[in-house]
Amino acid sequence: MGEITRKIELFNLAYKLAWKHIPEDTKLKPDVGHCLDNAIRRQIKNGADDAVFIASEVLKDIEKT
């Protein structure tokens, strides 16, 4: 159960970090939350374990779209 808790905390922290740096006009798009969610989950599934790294990679993904 500790692993699940760690992943949830990592997800939440990465989400908060990334959300702060998304431009306001991008936040208004209806699918940005879903894209953010998917990108963070993908990073965690691939073994990333640093919230700052995950957030920066997610922001790069969002900028591409």
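Everything in this summary refers to the structure shown in the same document. (Residues numbered from 1 in each chain as written. Predicted model: local features only at pLDDT ≥ 70, side-chain atom pairs only at ≥ 80, totals over all residues. Heavy atoms only, no water.)

With respect to the packing of aromatic side chains
Summed over the entire model, instances satisfying the criterion amount to two aromatic pairs. Taken together, a centroid distance of 5.9 Å and an interplanar angle of 35° make the contact between F11 and Y15 tilted. Here F11 pairs with Y15, and both are found in helix α1 (residues 2–20), just four residues apart, close to one helical turn. Judged by relative accessible area, which is 25%, Y15 ranks as partly exposed. An aromatic cluster is defined as three or more aromatic residues linked by ring pairs; in this entry it consists of F11, Y15 and W19. One cation-aromatic arrangement involves R41 over F11; the distance from NZ or CZ to the ring centre is 5.3 Å. (Phe/Tyr/Trp six-rings, centres within 6.5 Å; stacked < 30°, edge-to-face > 60°. Helix = DSSP H or I, 4+ residues; strand = E, 2+ residues; numbered from the N terminus. Buried < 20%, exposed > 50% of the residue type's maximum accessible area, 1.4 Å probe, protein only. Lys NZ or Arg CZ within 6 Å of the ring centre and 35° of its normal.)

Here we look at the packing of helix α3 (residues 32–45) against helix α4 (residues 51–64)
Between α3 and α4, the shortest axis-to-axis distance is 9 Å and the interhelical angle comes to 130°. On the basis of their axis angle, the class for α3 and α4 is oblique. α4 is crossed by α3, and the crossing has right-handed handedness. Of α4, the residues touching α3 (which contributes V32, L36, A39, I40, R42, Q43 and I44) are F53, I54, E57, V58, D61 and I62. Residue composition of the contact of α3 with α4, by class: nine nonpolar, one polar and three charged. (Axes fitted to C-alpha atoms, helices over the stretch in contact; angles between N-to-C directions. Parallel < 35°, antiparallel > 145°, perpendicular 65-115°, else oblique. Left-handed = near helix turned anticlockwise from the far one by under 90°. Contact = heavy atoms within 4.5 Å. Nonpolar A, V, L, I, M, F, W, Y, C, P; charged D, E, K, R; others polar.)

Purely geometric stuff here, so don't read any function into it on its own.
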